[in-house]
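Overview (structure and organization)
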Amino acid sequence: MACWLSGSLWAQSDSVGLFGNWRDTLRSAFYQPAYPSGGLDSRRSYLAGLPVTIQGIRAGVDTGPVGLYLGYYHCPYTRVESQSEFRYRYLSASLDYRLHNSWRWQLWGIAQIGLGAYSQRDLQGRELSAGAILPVEASVLASVRFARYFGVTGAIGARVAGGTYFSGPIYTYGLKVYGSTLWADLKKECPECIPRALR
């Protein structure tokens, strides 16, 4: 289960068509203010049919229509062969593209490409092999708001990484906190609650 924090400060009232002009959206995104954004970015997956959790954290900038991030991801040793285990660690750059946005619904397309390494060891902890991995991921993330500050979110996609068992489906689900709405309301209703330097 994941908890998502929507921390970017762009307005969330405009609705964008699902199949709008993505070239214009990308072009205009680079002329809009960019705000820092980030958080935990773990996801569920499968290695050789076994369920695993890939733990991650990422940080970057969000312009509203587009987000650019760099993250670190780690999948601990998992026994995928009868006599050995595999571990995966990698850095990944991601592009988040907003397909649809309204007060209640959001839909994102996410593309990631990473570079890292795998390690294989036997059941006694002796290293058997190691090498590079180049994971490429694509996913769609949707969220629906059921209260002013809270919603639920889920994503589904796939990862391709060549050999070493690391290719497979990815998915996540959890609670989303709309931090930008909370921040805007706090500034409006209780400005004295905010440190002067942040107003």
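The structure under discussion appears in the preceding block.
Note that the coordinates shown come from a computational prediction; the quantities given were computed from them, not determined experimentally. Counting restarts for each chain: residues are numbered from 1 in the order of the written sequence. Two thresholds apply to this predicted model, a pLDDT of at least 70 for residue-level local features and 80 or more for giving and counting side-chain atom pairs, whereas whole-chain, interface and lining totals are computed over all residues. The basis for the side-chain values is all heavy atoms of the structure; hydrogens and waters are excluded.

Let's talk about the packing of aromatic side chains
Short version of the rule: Side-chain rings of Phe, Tyr and Trp (the six-membered ring for Trp) are treated as a pair once their centres are within 6.5 Å; stacked means planes under 30 degrees apart, edge-to-face means over 60, and tilted covers the remaining angles. Per the convention used, a helix needs a DSSP run of H or I reaching at least four residues, while a strand needs a run of E reaching at least two, with both numbered from the N terminus. Three labels apply to residues, based on accessible area from a 1.4 Å probe with only protein chains included: buried if under 20% of the type maximum, exposed if over 50%, partly exposed otherwise in between.
Using the criterion set out here, one finds 7 aromatic pairs in the structure. Look at Y88 and F166: their rings are 4.2 Å apart centre to centre, the planes differ by 15°, and that puts the pair in the stacked class. Separated by 78 residues along the polypeptide, Y88 in strand β6 (residues 84-101) and F166 in the loop between β10 (150-160) and β11 (168-178) bring together distant segments of the chain. The burial state of Y88 is the same as that of F166; both residues are buried.

Focus: the pairing of strand β5 (residues 66-81)
The criterion, for reference: For two strands to count as paired, DSSP must find a minimum of two bridges between them.
Bridge count between strand β4 (residues 50-62) and β5: 8 bridges; the pairing is antiparallel. The residue of β5 that forms the bridge with R58 is G71. What sits between β4 and β5 in their antiparallel hairpin is a turn of 3 residues, with G64 showing a positive phi close to 110°. Examined bridge by bridge, β5 and β6 share 13 bridges and lie antiparallel to one another. Looking at the pairing, Y69 lines up with S94 of β6. The antiparallel pairing of β5 with β6 creates a hairpin that spans 2 residues between the two strands.

Quick word on the environment of V152
Filter applied, for reference: In what follows, residue pairs with any heavy atoms lying within 4.5 Å of each other are defined as contacts.
Inspection of the secondary structure assignment puts V152 in strand β10. Judged by relative accessible area, which is 39%, V152 ranks as partly exposed. Along the chain, V152 and L175 lie 23 residues apart, while their C-alpha atoms are 4.6 Å from each other. Not counting the four nearest positions on each side in its chain, V152 is found in contact with A142, S143, V144, F146, G174 and K176.

A look at unusual backbone geometry
Although it is not a glycine, A48 adopts a positive phi angle of roughly 50°. As for its placement among the helices and strands, A48 is situated in the loop between β3 (43-47) and β4. Residue A48 is classed as partly exposed on the basis of its relative accessible area of 49%. In the Ramachandran plot, Y165 falls in the positive-phi region, its phi being about 70° despite a non-glycine side chain. Along the polypeptide, Y165 turns up in the loop between β10 and β11. A residue is classified by how much of its surface remains accessible, and Y165, at 33% relative accessible area, is partly exposed.

Comments concerning the side chain of S92
Filter applied, for reference: We define a polar contact as two N or O atoms separated by no more than 3.5 Å, with the added condition that, inside protein, one atom must be a possible hydrogen donor and the other a possible acceptor, whereas residues neighbouring each other in sequence contribute only through side-chain atom pairs.
Mapping S92 onto the fold places it in strand β6. Among the polar contacts made by the side chain of S92, one reaches the main-chain carbonyl oxygen of I113 at a distance of 3.3 Å. Setting aside its immediate chain neighbours within four residues, S92 contacts Y69, L70, G71, Y73, Q112, I113 and G114.

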